[in-house]
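Chain by chain, the residues run as shown.
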Amino acid sequence: KAFIDEFKKDGGTIVGSVRVPTRSPEFSAYMQRVKDSHPDAMFGFMPLGELSVGLIHAYGAAGLKQDGIKLIGTGAIVDEGSLQAQGDAAIGVITSFPYSPDHKSKENDALKQAWAKVTDGKLPLGFAGIAFWDGLQLIRDGLMRQPNQPFSADKFMQYLAGAKIMSPRGPIEIDPKTHDIVQNVYIRRVERVNGLLENVEIATVPNVEP
């Protein structure tokens, strides 16, 4: 709904919209509907895992890319946990998300190295890992502000309201009013880098508020 509303507000036209089953859908009929509509792009919104892999494979098999129909969406459709399984059909897919392993910073480089060591390089680092990391960093910083004294939940919440840290995803802040996160959102394009598929950052929307 957010995408459709903003897209229309900026002058775009939605030529079709469809919801698919959340368990084992057959995407070919949906892709044929997209193909017949001849849109400039198809926006995909899917949960992580099997559905996203099926979406990307069907997009490739239906020849939508060859027809010039771009696939755009939220980052979950090309999550690192399933990205390699999606194959060449994923190349060129453009998404928005708060993180990509491609992000260039010393914090991200350090975490990727440590992550690869702990997982023996067998588990890709994705957004879920970054979210846990940031949460732990905020907890640690809040606790360190109460040394040698009984823990005060009120003081801890006071610290969180407006807390700022430099995350591997970039600078983040906890909004003091909503207690939601303020962060960069990155526009990424799937490319093959050193033989592996990767979400490469191509643009940044800074300090997106809740």
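Quick summary incoming for the structure in this document. (Residues numbered from 1 in each chain as written. Predicted model: local features only at pLDDT ≥ 70, side-chain atom pairs only at ≥ 80, totals over all residues. Heavy atoms only, no water.)

**Things to note about the overall build of the protein**
Helix and strand counts for the protein stand at 7 helices and 7 strands. For the protein, the sequential pattern of α-helices and β-strands runs α-α-β-α-β-α-β-α-α-α-β-β-β-β. Taking the principal axes of the C-alpha coordinates as reference, the protein spans close to 65 × 45 × 30 Å. Here the protein holds 210 residues, and the buried ones make up 37% of them. Counting contacts in the protein only where the partners sit at least 6 residues apart, residues at least 24 apart contribute 55% of the total. In the form shown here, the protein has an accessible surface area of approximately 12,700 Å², with 57% of it arising from carbon and sulfur atoms. Charge centroids of the protein, computed over 23 positive and 25 negative side chains, lie 1 Å from each other. (Helix = DSSP H or I, 4+ residues; strand = E, 2+ residues; numbered from the N terminus. Buried < 20%, exposed > 50% of the residue type's maximum accessible area, 1.4 Å probe, protein only. Contact = heavy atoms within 4.5 Å. Areas by Shrake-Rupley, 256 points an atom, 1.4 Å probe, with all protein chains shown as cover. Lys, Arg positive; Asp, Glu negative; His and termini not counted. Charge placed at Lys NZ, Arg CZ, Asp CG, Glu CD.)

**Quick notes on helix α6 (residues 127-144)**
Here α6 spans 26 Å end to end across 18 residues, near enough to the 26 Å set by a 1.5 Å rise per residue. Gly129, Ile130, Asp134, Gln137, Leu138, Asp141 and Gly142 are the residues of α6 that are buried. Those residues of α6 hidden inside the fold are in contact with α5 (106-119), α7 (153-160), β4 (164-167) and β5 (170-174). (Expected span 1.5 Å × (residues − 1).)

**Re the environment of Ala153**
By secondary structure assignment, the location of Ala153 is in helix α7. With a relative accessible area of 46%, Ala153 lands in the partly exposed category. In the structure, Ala153 is positioned 11 residues away from Gly142 in sequence and 9.8 Å away in space, judged by C-alpha atoms.

**A look at the pattern of salt bridges**
Applying the stated criterion across every chain, the model contains 8 salt bridges. Residue Asp67 pairs with Lys35 through a salt bridge whose shortest N-O separation is 2.5 Å. Here Asp67, found in the loop between α3 (50-61) and β2 (70-74), pairs with Lys35, found in helix α2 (residues 28-37); they are 32 residues apart in sequence, far enough to count as distant. Taking relative accessible area as the criterion, Asp67 reaches 45% and is therefore assigned partly exposed. (Salt bridge = Lys/Arg side-chain N within 4 Å of Asp/Glu carboxyl O.)

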